[in-house]
Amino acid sequence: MRALGCLLALFGLAAILPAPAAAQAPTYISQWGSIGSGEGKFFHPLGMAADGAGNVYVADFGNARIQKFTGAGTYITQWGSYGSGDGQFHTAISLATDAAGNVYVSDTNNARIQKFTGTGTYLTQWGSFGFGDGQFNEVAGIATDADGNVYVANSGNNRIQKFTSTGTYISRWGSFGSGNGQFDQPFGLATDAAGNVYVADSGNHRIQKFTGTGTYLTQWGSFGYGNGQFDLLNELAVDAVGSVYVTDRGNNRIQKFTSTGAYLTQWGSSGSGDNQFGGPYGVATDAAGNVYVVDNGNNRIQKFGYAAPATPATWGRVKAAYR
């Protein structure tokens, strides 16, 4: 009877506890941006990234620049212009940051990666058009790991390439196809705290997961409109607890999964209101668990987050320290 009483007590406790945050969609917090070329304005923004200090960087594709904001959307600085010189861009499509606060940019039509400080000072670049090691054909998503390695989705060559933080080639994996470890236009990339790499295998409408050395681990997704299905998936982000966020652009929504691909939740619909999208593209998370989404067609950034759970009421007796 005592064991049964304990079991019933646990069931009673479970009934009054809130559902785990992992299964809840984040709520809309704020937004910033509008169409234009001034500070804090955008012309078809694409990729984005957040740094350890909570700053947010946006690849402002149409204006050939990178813009930097606080997590609340306050404009900080910008850099870049159209061209092929150092610090110039021809289709800046994806961004990543490292532990030191440096910013990496996939400069797609220049077939290169450019690296900057967090304030926009040019540091280095690597890459050229081609099919060999360290060369690119339609460079797309980019991600870094805790060791400073840089992973690049080489969409046109259907492979992932791995580099040091200064651009020295390390390895690659992938080929065209639909089998495990094969790709059809890989696009977005993200890494988790364990060094695993997630790839948005866009043409195959799925996410593939690998070790940092390219060993295939698992996959999930198919074409469609249901939970866990995709239509034009673009970018990925992984939060501090390993949840994976995917911009499902054709369905105008964000989907959230566990690190093994179990569906958790989604949010968004077509439109220009709060929590609606006109083609979500880039996505990023910060240390506080906030989720930032590039709302490409609406030329804005939307911010979402999880409300802190209410502190449950407590009651009982406190024994006196002295009698």
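Up top is the structure these notes are about.
What you see is a predicted model; the values in this text were computed from it and never measured. (Residues numbered from 1 in each chain as written. Predicted model: local features only at pLDDT ≥ 70, side-chain atom pairs only at ≥ 80, totals over all residues. Heavy atoms only, no water.)

Undergrad: Please give an account of the pattern of salt bridges that cites residues and values.
TA: Where charged atoms of side chains with opposite charge meet at close range, the side chains can pair. Counted under the stated rule, the structure contains 6 salt bridges. One salt bridge connects Arg112 with Asp107, and the closest N-O pair in it is separated by 2.7 Å. In this pair, the class of Arg112 matches that of Asp107, namely buried. The partner of Arg300 in a salt bridge is Asp295, with the nearest N and O atoms 2.6 Å apart. (Salt bridge = Lys/Arg side-chain N within 4 Å of Asp/Glu carboxyl O. Buried < 20%, exposed > 50% of the residue type's maximum accessible area, 1.4 Å probe, protein only.)

Undergrad: Go over the sheet that holds strand E16 (residues 206–210), please, and point to the residues and values.
TA: Spatial ordering of the open sheet is given by E14-E15-E16-E17, a layout of 4 strands whose pairing is antiparallel. Whereas interior strands pair on both sides, the edge strands pair on one side only; in this sheet they are strand E14 (186–191) and strand E17 (216–220). Across the sheet, the mean angle separating the axes of adjacent strands is 20 degrees when strand polarity is ignored. Bridge count between E16 and E17: 4 bridges; the pairing is antiparallel. When the sheet's bridge partners are listed, Lys209 is paired in E17 with Thr218. (Pairing = 2+ DSSP bridges. Helix = DSSP H or I, 4+ residues; strand = E, 2+ residues; numbered from the N terminus. Axes fitted to C-alpha atoms, helices over the stretch in contact; angles between N-to-C directions.)

Undergrad: Run through the packing of aromatic side chains, naming residues and quoting values.
TA: On inspection of all chains with the given rule, the structure shows 27 aromatic pairs. On the numbers, 6.1 Å between centres and 75 degrees between planes, the contact of Phe257 with Tyr263 is edge-to-face. Residue classification places Phe257 among the buried positions, given a relative accessible area of 1%. The class of Tyr263 is partly exposed, set by a relative accessible area of 29%. (Phe/Tyr/Trp six-rings, centres within 6.5 Å; stacked < 30°, edge-to-face > 60°.)

Function cannot be read off these values alone, since they describe shape.
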